[in-house]
Every structure is written in C-alpha cells, then in structure tokens.
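Per-entry structural report
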Amino acid sequence: MPKVNENFLKLEKNYLFINIAKKINAYISENPDKKDNIIRMGIGDVTLPIAPCVVEAVKKGAEEMGVKETFKGYEDSGAGYDFLKEAVAEYYQSFGADVKPSEVRISDGAKSDCGNIVDIFSDDNVVLITDPAYPVYVDSNLMNGRKVIYADCTEENGFCAVPDYNVHADMIYLCSPNNPTGAAFNREQLKAWVDYATEKNAIIIYDAAYEAFITEDNIPRSIFEIDGAKKCAIEICSLSKTAGFTGMRCGYTVIPEELEVVASDGTVVSISQLWGRRQGSKFNGVSYPVQCGAKAVFTQEGQEQIKENIRYYQENARIIAQTLDKLGIWYTGGINSPYIWLKCPNGMGSWEFFDYLLKEANVVGTPGEGFGKNGKGFFRLTSFGDREKTKIAMQRIEKLLSE
Ligand SMILES: *Cc1c(COP(=O)(O)O)cnc(C)c1O
C-alpha cells in the first residue's frame, strides 16, 4: 500500500467559504422571502466580461489553429511565446521596472506558480508569511512539511508587515496590493523588505496580482522598481484581476537572470534555470489562443478597454470607502485595491459581524479571521460586484450602523 503525504492530513480544512455558504443557506431556509434581497460583497472573483479586443484576439488565435500553415502544437519551451514575453517585458519597462523578455515566463495563472515554486526549494527552509494571507502560500508550504512563521499585519502597522531582523527566514511571501487587506506597500516599506531579504540571503516571492488597481504614485507596481530586488526576488503576476482572466487562465512570473543561490557543495545555482527545469518536466505551457488574448491586453487598445473595467471596480470601492468614512469605521484598502478591510464596529468579532450584516442588512462579506489570526475582528468587502447592488448594500449598512 502506498503511503500518502501525511502533511496533507495536517492541513486545516478550508472552513471559511463552507461556513459562509452554510450560514447563508440556513438564513434563507428560515427567511425564504429574503433570498433575492441578499447582496454578496464577499466575492473574490471578477464579474465584468473580457474586453472586446481580447475576445477578438482569442478568436483569431483559435482560427489560426484550424489552418495547416498556422497550426501550432507544443510550444518549444512551454514558457510562453516570444510575442507575449516581449509584451510583458515592455509593460514592466513602461513603469520603470527593468525586466527582460527572457526573464518572463508565461503561466496559467498566479495560483499555480505561487504553489509550485516551492518545488525548487528545500523542505528545511524557514518560510515567512504575512498574517493575514492568501491561503495558497501557507498551504503549499505545509504540504511539503516546511516550517512556516508569520509576520504580523495589524492596525498599528496599517496591515503592512515590517521585517524583524531578530527572525531568520529563507523564503518570504509578500502580496501587495494585498488580498485580503487591500493594504499596499509604499516604496520605503518594500525597500525595507528587500534590504531584510538581502541581509538574510532570503528570496522574496512577490505576488503582484492586484498591481493594476494601484492609483497612487508612491506605491510600486512591481518589486523590481526597488534597487536590489533583482538579486533577491521572484515576482508572480496574473491577468485574472487585471483583465478578467479568472476563467481564461493566464499569468506570468518574472525570475531575474541574476537571482542565484549557493548549493551545499558550493555550486552557484541559477533560480531561473532551476524553475525552467521544473516547468520543463511538469508543465506544457498555456494555450496559443489564450496567449494571443493576453498579448491583446498589453496593446494600447487593450489597456484602454481593461482600464474601463478596473475603473468600474474602483468606483465601487470608492462608494464602500465613502460610507465607512461617514460611519467613522477604520479600514485599509480601496484606494489601490478592489478590497476593503474594515475593523468590525462596536468591538464585534468577525463572525459576529458577519451574522449581524447577514440578518440585519442582508449583506454578505468575508470574516477576516478566515485569513489568519490577525484577521480576528476584521472583515473584507469586495468591489467586484454590481454598481447598483454595491450602492444599495452600503446604504443598508449606513442605515444599520447609524441607528
Ligand atoms: C486572485 C489572486 C491571484 C490570481 O490567481 P490566478 O491563479 O492567476 O487566477 C493571485 N494571488 C492572489 C493573492 C489573488 O487574490
């Protein structure tokens, strides 16, 4: 009988969304007339359709596959077509991050790369993860039995964790703008992490999935805008939130050529080569039509069209934030992020506030403690919903909390 990887048995079940669904169902069965009145502000998925020029590019790519002369089979490297790697590198250069096409690898999304990157690192590394966090970072490391330690994000530090030089880490996960908190590192805060990683010889795995939502100039869109980052960081990004690709699947990971570690026998090892070896064995690339669609995202027309959708979500976020301002409720996010992370009013716990909003306002959000211990007493609202519904939800919350 094979033995299973028993680390999987130690993982916490993902109770968060199961519990939310249970509570909503219980409420509906007791109050069937309220079913259609419930507004969901907990969704972490986009709702607006793919931009027209992207759809056209995908169609054209699919048609090319149906013609002998332009048909494409396996991609040589599986790391993406040059036309897309060049477009991504040019995009980075447009905001001052020095990224070469050869450093870009096209993926089927950020979740896979965030989870799979651990394959190339030893199981005895110490992994530092900010708390609260996107659960993928923690789970993919616990699956390999790696030791995970946490950096606290709190109201005091504005949910931007600060490095502690008394703590040693080999791998560090950062996500900015952050899911779930919406908080984003400014240049100085991110530089502090690059300095820490350099000092500790650690590698930062930087999740930039929400960079397209940044509106403020002092918030870097890429860790590669920070001096020294190319020697200590990998950046993982995605078109999921940027261009509505959650159901289309395309992302990109940047591994700098100069990113190296020294093996136990003294050999200098290139992280890019190691990851290339890993992907070469376990991944065969992203479909050609999808890469054609992704390329269209980076054209001028594509940028204009995707920004229209992003502005729609940003306006929803502004509406949410405005109500919280009126109510005097503390929050992070909303400005450079589709997420708003608020402190539950009147000292309520996350789940207590969840129940209260569900019953009294028929609004559903996400209890912060589902993302880590520092989420206790906090709550996430998202701007990915419908404009009218967002307005109605915030009117209800305003009325309820000003009573
Ligand atoms: C949505 C999200 C992603 C994107 O994942 P994909 O696999 O590209 O859809 C990555 N990181 C975080 C923190 C996210 O919230």
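Conventions adopted
Residues numbered from 1 in each chain as written. Predicted model: local features only at pLDDT ≥ 70, side-chain atom pairs only at ≥ 80, totals over all residues. Heavy atoms only, no water. Domains from an automatic or database assignment. Contact = heavy atoms within 4.5 Å. Buried area = accessible area lost by both parts, 1.4 Å probe. Salt bridge = Lys/Arg side-chain N within 4 Å of Asp/Glu carboxyl O. Pairing = 2+ DSSP bridges. Helix = DSSP H or I, 4+ residues; strand = E, 2+ residues; numbered from the N terminus. Axes fitted to C-alpha atoms, helices over the stretch in contact; angles between N-to-C directions. Core = buried A, V, L, I, M, F, W, Y, C linked by side-chain atoms within 4.5 Å. Buried < 20%, exposed > 50% of the residue type's maximum accessible area, 1.4 Å probe, protein only. Phe/Tyr/Trp six-rings, centres within 6.5 Å; stacked < 30°, edge-to-face > 60°.

For the protein, the domain assignment lists domain 1 (6–49 + 302–402) and domain 2 (54–299). Centre-to-centre, using C-alpha coordinates, domain 1 lies 27 Å away from domain 2. The interface of domain 1 with domain 2 comprises 30 residues on the first partner and 40 residues on the second. Taken together, the two surfaces of domain 1 and domain 2 that pack against each other cover about 3000 Å², and 58% of this comes from carbon and sulfur. If you sort the residues of domain 1 by the area they bury against domain 2, Asn 336, Phe 371 and Asn 374 come out on top, with a joint share of 21%. Between domain 1 and domain 2 we count 2 salt bridges in total.

With respect to topology, 4 strands assemble into an open sheet ordered β11-β12-β15-β14, the strand pairing being antiparallel. Among the strands making up the open sheet, the edge pair consists of β11 (331–333) and β14 (366–367). Against the sheet, helix α12 (residues 350–361) touches β12 (339–343), β14 and β15 (378–382), its axis set at about 45° to β15.

Looking now at the nonpolar core. In terms of nonpolar packing, the biggest core is built from 95 residues, with Ile 172, Trp 193, Ile 204, Phe 245 and Tyr 252 touching the most fellow members. Residues from two domains meet in this core; each of domain 1 (6–49 + 302–402) and domain 2 (54–299) gives at least three. Setting aside residues up to four positions removed in sequence, Trp 193 forms contacts with Leu 128, Ala 151, Ala 161, Val 162, Pro 163, Ile 172, Leu 174, Phe 185 and Ile 204. Counting 24 residues, the second largest nonpolar core, distinct from the first, contains Ile 117, Val 138, Ile 203 and Ile 236.

This next bit is on the sheet that holds strand β7 (residues 233–238). Hydrogen bonds between backbone groups are what pair the strands of a sheet, and the pairing can be parallel or antiparallel. Taking strand neighbours across the sheet as the criterion, the 7 strands line up as β2-β8-β7-β6-β5-β3-β4 in an open arrangement whose pairing is mixed. Each end of this open sheet is capped by a strand with a single partner; those strands are β2 (104–107) and β4 (147–152). Going from strand to strand, the sheet's axes swing by 20° on average, the running direction of each strand aside. In terms of strand pairing, strand β3 (residues 126–131) meets β4 through 6 bridges, oriented parallel. Bridged to Val 126 within β4 is Lys 147.

What follows deals with the packing of aromatic side chains. Following the criterion strictly, the structure yields 27 aromatic pairs and no others. Taken together, a centroid distance of 5.5 Å and an interplanar angle of 5° make the contact between Tyr 81 and Phe 83 stacked. Residue classification places Tyr 81 among the buried positions, given a relative accessible area of 16%. With relative accessibility at 25%, the residue Phe 83 sits in the partly exposed group. Measuring from ring centre to ring centre gives 5.3 Å for Tyr 81 and Tyr 288, while their planes differ by 80°; the resulting arrangement is edge-to-face. Within this pair, whereas Tyr 81 is found in the loop between α3 (52–65) and α4 (82–94), its partner Tyr 288 is found in helix α10 (residues 288–297), the two being separated by 207 residues in sequence. The pair formed by Tyr 81 and Tyr 288 is uniform in burial state, with each residue classed as buried. An aromatic cluster of three or more residues is present, and its members are Tyr 210, Phe 213, Tyr 312, Tyr 313, Tyr 339 and Phe 384.

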